[in-house]
Amino acid sequence: MGELTLGQYYPVDSVLHRLDPRVKFVGTIVYIVGLFQVRGVFGYLFAAAVLLLLIFLSKVPFRFILKSLKPVFFLLIITMLFNVLLTPGTVLWKWWILRITKEGLRQAVTMGLRLVFLVCGSSIMTLTTTPNALTDAMERLFSFLKIIRVPVHEIAMMMSIALRFIPILTEELDKIKKAQMARGADFESGGVIRRLKAMIPLLVPLFVSAFRRANDLAMAMEARCYHGGSGRTQMKPLRYRRRDAAAYILMAVFLGICIVFRITGL
Amino acid sequence: MQIELKDLSYTYGLHTVYEVPALKGINLKIRAGEFIGLAGHTGSGKSTLIQHMNGLIRPTSGQVFYEGKDIWEEGYDLRELRTHVGLVFQYPENQLFETTVLKDVMFGPGNQGLSEEECRKRADYALKLVGIPEDLYETSPFDLSGGQKRRAAIAGVLAMNVEVLILDEPTAGLDPAGREEILTLIRHLRDQQGITIILVSHSMEDVAAYAQRMIVFHEGEIAFDGTPKMVFSHFRELEKIGLAAPEITYIMHELKERGLDVDVSAITVPEAKRSILMALAQKNS
C-alpha cells in the first residue's frame, strides 16, 4: 500500500518549489496550450528544451518524471497505434485491411510527443507543489465563480480534507490488515469470491474508522466555529513575489514564441 | 529459546527520500514463560520490533528465529507462526468487524481451519478468560463498552491458542479500573496458562509491577535489558532518553538523601511501604 503516488510531492528546495502555486497552476495550463500551438520539428524541439530546463530547475530526479508516464503508457501506445493505422493519406505499407500512411505516422509521432510532454509538464507541477498548496491555489484562482454561486471554498475544503485523509486511511488500512493477518487472515490465496470475502474484515473496520474520524473532525471544526467560506481569512495567505511576476512574464514569452512557431509552421 | 532475533535491522522507506532507520542491529533472546516489559519513547522502534516477531514485517537485514527455526526461510509457514505468536495491536477494538461478539472471536480459529464446533469452543474459552459474560456473545461488538471491546479483541487473539502474546499498549485510553482488569488478565494468562508475555507500555508503574524483565529501546537500539529494579536504578540515564522511573523510585532516593535508611531499589508501592516502615522502626529503636 506504501507506493501510493497521488501526493507525489518531492521535497527538495528549488526555484520551482518556491514559486507561488497559482503560478505553477497557470504555468502548466500555459505550457499545455503552447504545446498545442507548435507543429513543426523546431517547435517540438523548443517545447522539449523548455521541459528539460524546467526539470533541471525543479531538482527532481529524472526517473521520478519518467515514473509519472507509467500510468498513461497504455493510453499512449493505443493512441499512437490508432493514429498510425486509421489516418487516410499516402499509403506507405499495406497488408490486409491494415495500412500505414505518411500522414498517419506523422500524426502518431506528434500525438505521442504531445501526450508525453503534457504528462511530464503537469507532473512537474505535482512534484514541486504539495497537494494542499495546489488546492489553495485553485480556490483563489476560481474564486470568481462565487459570483455565480459556486461554493468554491467548500469544494476546495472538501478537496483538501480528502487529500489529507488519504494517507491517514492508507495507514489505517495497513494497520487493520496487519491486525487481521495476526489473526490468521489470508488475503493472497483463493479464488475471486474468497478474496472478496477476505476483504470484509478489512472494509468494515475501515469504514467504521472513517466515519468516526469524519465525525470527530466535523465536531472539532464546529468547536472552532467553522461556518464555511464567507469572511474567512487564511493563516498563510498566498502572496505574489518578484519571482512570480518574472515567471508570468516568461510564460507570456513562451506562449508568444509558440504562436510564432504556429504561424511560421516551423 | 522461544524467540531469537539476530542482528536485526529495519529501515522504513528503503531507497526513497523518506528513508528512516527504525531498528539497528538488534540481538534479543526470549525464553518461554517470560514476562517482558518493553519500554521506549515514541518512535524508538518498539512497535516495529514486535511486528517482526510474528513475521508481519520482513527485516531489512538479520534473522528471526521461532523455536530455533528461521521464519524467513523458504517454505516456512508464516500463518502457522501467527497462531503461536499472537499480536494484539494498539486499540485492538478497531479490528472488530463481525455481526456478533462470538463470531468475531471465532474469526481467528476459523482461519486455522478448525471445525465450526471447535471454533465455538475456543471462542467460548477465550471470552471466559477475558471475562465477557455469555449473555453478550450474541450482541454486536460495536455495542460493547470501550473496555469490553478491548477484551473481546484480545479474546480474538487468545482464541487461536497462542503460546506467546504480544500486546502493544493494551491499557491506552482505558480508565483505571479498565487498566487494572487488563493487567490482571495478562498476569493471569502468564501464571495460569504459561503464555509468554511481551508487554509494550509507556507506563513505568505497570512495567514495574508486572514484568520480570524490562527492555528499554532508544533510537532503534536496546538501551537497557534487565530486571525492572536494575533498569530503574539507572533512572538518571532513563530521563536523558525521555523516560522516567516510577514515582516511587524518586521518593525513595529523596528519602535516602534526607537520611532515612530505605531500600532505594523499591519500585512498587507495597515494596516501598515495607522498606519505609522498616527504616522508621530501626530509627526509633
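Residues numbered from 1 in each chain as written. Chains lettered and ligands numbered in written order. Predicted model: local features only at pLDDT ≥ 70, side-chain atom pairs only at ≥ 80, totals over all residues. Heavy atoms only, no water.

*Asks:* I keep staring at the overall build of chain B and nothing clicks. Help me out?
*Replies:* The secondary structure content of chain B amounts to 11 helices and 10 strands. Relative to the 2.2 N^0.38 estimate, which gives 19 Å for 285 residues, the radius of gyration of chain B is 21 Å and therefore close to what a compact globule would have. Classification of the 285 residues of chain B by burial places 51% in the buried group. Contacts in chain B between residues at least 24 apart in sequence constitute 61% of all its contacts with a sequence separation of at least 6. Accessible surface for chain B amounts to roughly 13,200 Å². Of this, 50% is attributable to carbon and sulfur atoms. A distance of 4 Å separates the average location of the 29 positive side-chain charges in chain B from that of its 41 negative side-chain charges. (Helix = DSSP H or I, 4+ residues; strand = E, 2+ residues; numbered from the N terminus. Rg over C-alpha atoms; globule rule 2.2 N^0.38 Å. Buried < 20%, exposed > 50% of the residue type's maximum accessible area, 1.4 Å probe, protein only. Contact = heavy atoms within 4.5 Å. Areas by Shrake-Rupley, 256 points an atom, 1.4 Å probe, with all protein chains shown as cover. Lys, Arg positive; Asp, Glu negative; His and termini not counted. Charge placed at Lys NZ, Arg CZ, Asp CG, Glu CD.)

*Asks:* Looking at this structure, how should I read the sheet that holds strand β3 (residues 35-40) of chain B?
*Replies:* Strands in a sheet are paired, the pairing made by backbone hydrogen bonds, and the direction either parallel or antiparallel. All names here are of chain B. One open sheet holds the six strands; their spatial order is β6-β7-β8-β3-β9-β10, and the pairing between them is mixed. At either margin of the open sheet sits one strand with a lone partner, and together these are β6 (85-88) and β10 (221-226). If you compare each strand with its neighbour and ignore which way they point, the axes differ by 15 degrees on average. The pairing of β3 with strand β9 (residues 213-218) spans five bridges and is classified as parallel. Looking across to β9, one finds that G37 is bridged to M214. Along the sheet, helix α1 (residues 46-53) contacts β3, β6, β7 (164-168), β8 (196-200) and β9; its crossing angle with β3, the most-contacted strand, is approximately 145 degrees. (Pairing = 2+ DSSP bridges. Axes fitted to C-alpha atoms, helices over the stretch in contact; angles between N-to-C directions.)

*Asks:* Would you mind showing me how to read the interface of chain B and chain A here?
*Replies:* By a widespread convention, an interface's size corresponds to the accessible area lost as its parts come together. Counting residues at the interface gives 22 residues for chain B and 20 residues for chain A. Interface of chain B and chain A: buried area, both sides summed, is about 1,900 Å²; carbon and sulfur atoms make up 60% of it. By the criterion of area lost to chain A, the three top residues of chain B are N94, Q95 and F97 of chain B, representing 27% of everything that side buries. Along the contact surface separating chain B from chain A lie two salt bridges. A salt bridge links D186 of chain A to R79 of chain B; the shortest N-O distance between them is 3.2 Å. (Buried area = accessible area lost by both parts, 1.4 Å probe. Salt bridge = Lys/Arg side-chain N within 4 Å of Asp/Glu carboxyl O.)

*Asks:* In this structure, what is going on with a nonpolar patch on the surface? I would like to understand it.
*Replies:* All names here are of chain A. Nonpolar side chains collect at one region of the surface, where V192, I193, L196, M199, L203, F207 and F211 lie side by side and expose about 760 Å² of accessible area between them. Note on placement: F207 falls in helix α9 (residues 192-223). Classification of F207 as partly exposed rests on a relative accessible area of 49%. (Patch = residues over 30% accessible without salt bridge, like charges linked within 9 Å, V, L, I, M, F, W, Y side chains within 5 Å.)

*Asks:* When you look at the side chain of K46 of chain B in this model, what are you seeing that I'm missing?
*Replies:* Residues and elements named next belong to chain B. In this structure, K46 sits in helix α1. From its side chain, K46 meets the backbone oxygen of G40 in a polar contact 3.1 Å long. Contacts of K46, omitting those with residues within four sequence positions, involve L38, A39, G40, H41, V200 and H202. (Polar contact = N/O pair within 3.5 Å; in protein donor to acceptor, adjacent residues only side chain to side chain.)

*Asks:* Before we go on, may I ask you to explain the packing of aromatic side chains in this structure?
*Replies:* By convention here, two paired aromatic rings are described through the distance between centres and the angle between planes. Applying the stated criterion across every chain, the model contains 10 aromatic pairs over all chains. Measuring from centroid to centroid gives 5.6 Å for F46 of chain A and F261 of chain A, while their planes differ by 40 degrees, and the two rings are tilted. With F46 of chain A in helix α3 (residues 41-58) and F261 of chain A in helix α10 (residues 242-264), this pair connects stretches of sequence that are 215 residues apart. On the basis of relative accessibility, which here comes to 14%, the residue F261 of chain A falls in the buried class. Centre to centre, the rings of F97 of chain B and F107 of chain B are 4.9 Å apart; their planes meet at 80 degrees, and the pair counts as edge-to-face. Here the residue F97 of chain B occupies a position in the loop between β6 and α3 (101-111), and F107 of chain B occupies one in helix α3, the gap between them amounting to 10 residues. Across this residue pair, the class does not change: F97 of chain B and F107 of chain B are buried. Three or more aromatic residues joined by ring pairs form one cluster here, namely Y31, F46, F254 and F261 of chain A. (Phe/Tyr/Trp six-rings, centres within 6.5 Å; stacked < 30°, edge-to-face > 60°.)

*Asks:* Looking at this structure, I do not really get the side chain of R114 of chain A. What am I missing?
*Replies:* Residues and elements named next belong to chain A. Checked against the element boundaries, R114 lands in helix α6 (residues 102-128). For R114, the side chain forms a polar contact with the main-chain oxygen of V38, separated by 3.5 Å. Ignoring sequence-local partners within four residues, the contact set of R114 consists of L35, F36, V38 and Y44.

*Asks:* Before we go on, may I ask you to explain the confidence of the model for chain B in this structure?
*Replies:* A low pLDDT means the predicted coordinates there should not be read in detail. Here chain B averages 91 in pLDDT, and 100% of its residues register 70 or above. This prediction of the complex comes with two scores: 0.76 for pTM and 0.87 for ipTM. (pLDDT = per-residue confidence, 0-100.)

*Asks:* I keep staring at helix α6 (residues 176-193) of chain B and nothing clicks. Help me out?
*Replies:* Residues and elements named next belong to chain B. For α6, with 18 residues, the first-to-last C-alpha span of 25 Å sits near the 26 Å given by 1.5 Å per residue. Considered for burial, the residues of α6 that qualify are G178, I182, L183, L185, I186, L189 and R190. In a view along the axis of α6, the buried residues occupy a sector of 150 degrees, so they form one face of it. Turned more than 90 degrees away from the buried face of α6 sit P176, A177 and Q192, all of them exposed. Buried-residue contacts for α6 involve β3, α4 (116-130), α5 (146-158), β7, β8 and α7 (204-210). Phi for G194, located one or two positions after α6, is positive at around 70 degrees. (Expected span 1.5 Å × (residues − 1). Arc of directions from axis to C-beta.)

*Asks:* Please explain the domain arrangement of chain A as it appears in this structure.
*Replies:* Partitioning chain A into domains gives domain 1 (15-129 + 241-264) and domain 2 (144-223). Relative to domain 2 of chain A, the C-alpha centre of domain 1 of chain A lies at a distance of 35 Å. (Domains from an automatic or database assignment.)

*Asks:* Help me understand the pairing of β10 of chain B in this model?
*Replies:* Looking along a regular strand, one sees the side chains alternate between the two faces of the sheet. All names here are of chain B. Summarising the sheet, β9 and β10 pair through five bridges and their orientation is antiparallel. In the strand pairing of β10, F217 is matched with I222. Counted along the chain from β9 to the antiparallel partner β10, the turn is two residues long, and its residue E219 has a positive phi close to 50 degrees.

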